[in-house]
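Architecture and fold: a report
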Amino acid sequence: MQNYLDFEKPLAEIEGKAEELRAVARTSGTMDIEKEVSALDRKAEQLLADLYAGLSPWQKCLVARHPARPHCIDYINELFEEYTPLAGDRNFADDHAVMGGLARFNDRPVVVIGHEKGHDTKTRIERNFGMARPEGYRKAIRLMDMAHRFGLPVITLVDTPGAYPGKGAEERGQSEAIARATEKCLQIGVPLISVVVGEGGSGGAVAFATANRVAMLEHSIYSVISPEGCASILWKDAEKMKEAAEALRLTAQDLHALGVVDRIIPEPVGGAQRHKDDTIARVGKALEGMLAELIDRSPEALVKDRRAKFLAMGSRGLAA
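Residues numbered from 1 in each chain as written. Predicted model: local features only at pLDDT ≥ 70, side-chain atom pairs only at ≥ 80, totals over all residues. Heavy atoms only, no water.

**Overview of the overall build of the protein**
Counting its secondary structure elements, the protein contains 14 helices and eight strands. Its C-alpha radius of gyration of 21 Å places the protein within 12% of the 20 Å reference for a compact globule of 320 residues. In terms of overall dimensions, the protein has C-alpha extents of about 70 × 50 × 40 Å along its principal axes. Counting only carbon and sulfur atoms, one obtains 53% of the accessible surface of the protein, whose full area is about 15300 Å². In the protein, which carries 42 positive and 47 negative side-chain charges, the distance between the mean positions of the two groups comes to 4 Å. (Helix = DSSP H or I, 4+ residues; strand = E, 2+ residues; numbered from the N terminus. Rg over C-alpha atoms; globule rule 2.2 N^0.38 Å. Areas by Shrake-Rupley, 256 points an atom, 1.4 Å probe, with all protein chains shown as cover. Lys, Arg positive; Asp, Glu negative; His and termini not counted. Charge placed at Lys NZ, Arg CZ, Asp CG, Glu CD.)

**With respect to the packing of helix 3 (residues 57-64) against helix 11 (residues 241-248)**
Between helix 3 and helix 11, the shortest axis-to-axis distance is 8 Å and the interhelical angle comes to 95°. Relative to helix 11, helix 3 is oriented roughly perpendicular. Touching P57, W58 and C61 of helix 3 are M241, K242, A245 and E246, all from helix 11. Considering only residue class, the contact of helix 3 with helix 11 consists of five nonpolar, no polar and two charged. (Axes fitted to C-alpha atoms, helices over the stretch in contact; angles between N-to-C directions. Parallel < 35°, antiparallel > 145°, perpendicular 65-115°, else oblique. Contact = heavy atoms within 4.5 Å. Nonpolar A, V, L, I, M, F, W, Y, C, P; charged D, E, K, R; others polar.)

**Let's talk about the nonpolar core**
The biggest cluster of nonpolar side chains holds 36 residues, and the ones touching the most others in it are V111, I113, Y137, V154, F208 and Y222. Setting aside anything within four residues of it in sequence, one finds V154 in contact with V111, I113, M144, A147, I188, V190, P191, L192 and I193. Core analysis: the second largest hydrophobic core is formed by 26 residues, L157, V195, L217 and L291 among them. (Core = buried A, V, L, I, M, F, W, Y, C linked by side-chain atoms within 4.5 Å. Buried < 20%, exposed > 50% of the residue type's maximum accessible area, 1.4 Å probe, protein only.)

**Describing helix 10 (residues 227-234)**
Within the sequence span of helix 10, burial applies to P227, C230 and A231. Relative to the axis of helix 10, the buried residues are bounded by an arc of 100° and lie together on one face. Against the buried residues of helix 10 lie helix 3 and helix 11. Where helix 10 ends, the next residue or the one after it, K236, has phi of about 55°, a positive value. (Arc of directions from axis to C-beta.)

Shape is all these values report; function is a separate question.
Take a look at the structure:
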């Protein structure tokens, strides 16, 4: 069953009418509704294209958060072979909001790390809605250390509202763990590629995305704070999230123009939530291209390239 967003309500009505006609035809067995249904399908297809051609920043936030978008586990299952999960930070516990392990990508051994939000109530609670605790970032550090030791490229998949802000996480050193993970990204002498596949929220995303190449899906978002959080701080009113989304410049298109991300991966019409397999294939092709750009570089060149990339950030200015 399709989960429609608020701005998709006109589309829901048209597709609902088409489905009602199909149901009536199945029940009667004699009605010829092909012309009517075809006309409604064409109208829905055109409306869908129009809606997604002109999404506002706030609407992109809604699409990026859509529960039916493919998550980290979907990308790992479809794009990687021989995935062997590695658990725990060897210090406190295993954080289920962070997946990671050894795998093969196009028959090349790699380390893959990502945030996992879960796909239903049970798994969302288990995965803490993709909000990592300190042990999640320390697990990622351990995996990046291992990748560096054995010369394995690292691929990260970012999809988090942000790091978990709970009392226990703060007591166990949340900010220090995020800082250490970001530092580790800058230190490892192997190709590091990151793709924002949904939400890229605050330091929780930066800790995985301080990479040689950073790509974003077309309707994903990446920002220092959520629009609701920004509105609460600036205007003391979370309902001003639409204005905040505009000001944050959090869309893939804005961030590419500002030089924060290197590549935008186009999504099928209607977003990743309507075409999971196609979206996953597009991400795989982008990963293949970015890895090919980096694989023959020396460890020193990779580290230098990464540091230069992030030191140059902001040089284009907000007028970009």
